[in-house]
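Listed below are the residues making up each chain.
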Amino acid sequence: MNRNNNSGLVYSTDHGTMCPDCGQPKDKCSCKAGSKLIPATDGIVRIARQTKGRKGKGVSIITGIPLPEAELKQLATRLKTKCGTGGTCKNGTIEIQGDNRDRLKSELEALGYKVKLAGG
């Protein structure tokens, strides 16, 4: 039987969406094809302060870092340690609790990024 490359299991009710490269369920993917994607940016890392939707508590939001998701999480962990605060990494941005823009700027510049403070 001659099968073409495009025929294969796409979705299973047992496992959900399947990886097109390795054929495993997305959550158990061995090739991690999606983690190798690097978002397109203009080369400038922007750090902004935001309080919207956080009951007045401020966070520093870092956008524009051209790294894959796994490396972005490692950088977020390093920055949280430097600031001594909590935070998260989601949707290609890093959120650090509190107004730590100056400390984050100096740390990212030391890593070789071109950094701008955004917002007011």
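One structure accompanies this document, and this report is about it.

### Considerations on the nonpolar core
So, point 1. Counting 16 residues, the largest nonpolar core has Ile62, Ile65, Leu79, Ile94 and Leu108 as the members making the most contacts within it.
So, point 2. Elements represented by at least two residues in this core include exactly strand S3 (44-50), helix H1 (69-83), strand S6 (93-97) and helix H2 (101-110).
So, point 3. Among the elements that take part in this core, H1 stands out by supplying five residues, more than any other.

### Remarks on H2
So, point 1. Of all the residues in H2, the buried ones are Arg101, Leu104, Glu107 and Leu108. Each buried residue of H2 lies within a common arc of 130° when the element is viewed along its axis, so the set occupies one face. For H2, exposure combined with an orientation more than 90 degrees from the buried face picks out Asp102 and Ala110.
So, point 2. Each element contacted by the buried residues of H2 is listed here: S3, strand S4 (59-63), H1, S6 and strand S7 (114-118).
So, point 3. Once H2 ends, the next one or two residues include Gly112, with phi positive near 100°.

### Considerations on the environment of Glu95
So, point 1. Note on placement: Glu95 falls in strand S6.
So, point 2. With 33 residues separating them along the chain, Glu95 and Ile62 place their C-alpha atoms 6.4 Å apart.
So, point 3. Residues in contact with Glu95, not counting those within four places in the same chain, are Arg54, Ser60, Ile61, Gly86, Gly87, Thr88 and Lys90.

### Structural notes on the pattern of salt bridges
So, point 1. Tallying each qualifying case throughout the model produces three salt bridges.
So, point 2. The partner of Arg49 in a salt bridge is Asp99, with the nearest N and O atoms 3.8 Å apart. Of this pair, Arg49 sits in strand S3 while Asp99 sits in the loop between S6 and H2; the two residues are 50 residues apart in sequence, bridging distant segments of the chain.
So, point 3. Residue Asp99 is classed as partly exposed on the basis of its relative accessible area of 44%.

What counts, and where the lines are drawn
Residues numbered from 1 in each chain as written. Predicted model: local features only at pLDDT ≥ 70, side-chain atom pairs only at ≥ 80, totals over all residues. Heavy atoms only, no water. Core = buried A, V, L, I, M, F, W, Y, C linked by side-chain atoms within 4.5 Å. Buried < 20%, exposed > 50% of the residue type's maximum accessible area, 1.4 Å probe, protein only. Helix = DSSP H or I, 4+ residues; strand = E, 2+ residues; numbered from the N terminus. Arc of directions from axis to C-beta. Contact = heavy atoms within 4.5 Å. Salt bridge = Lys/Arg side-chain N within 4 Å of Asp/Glu carboxyl O.

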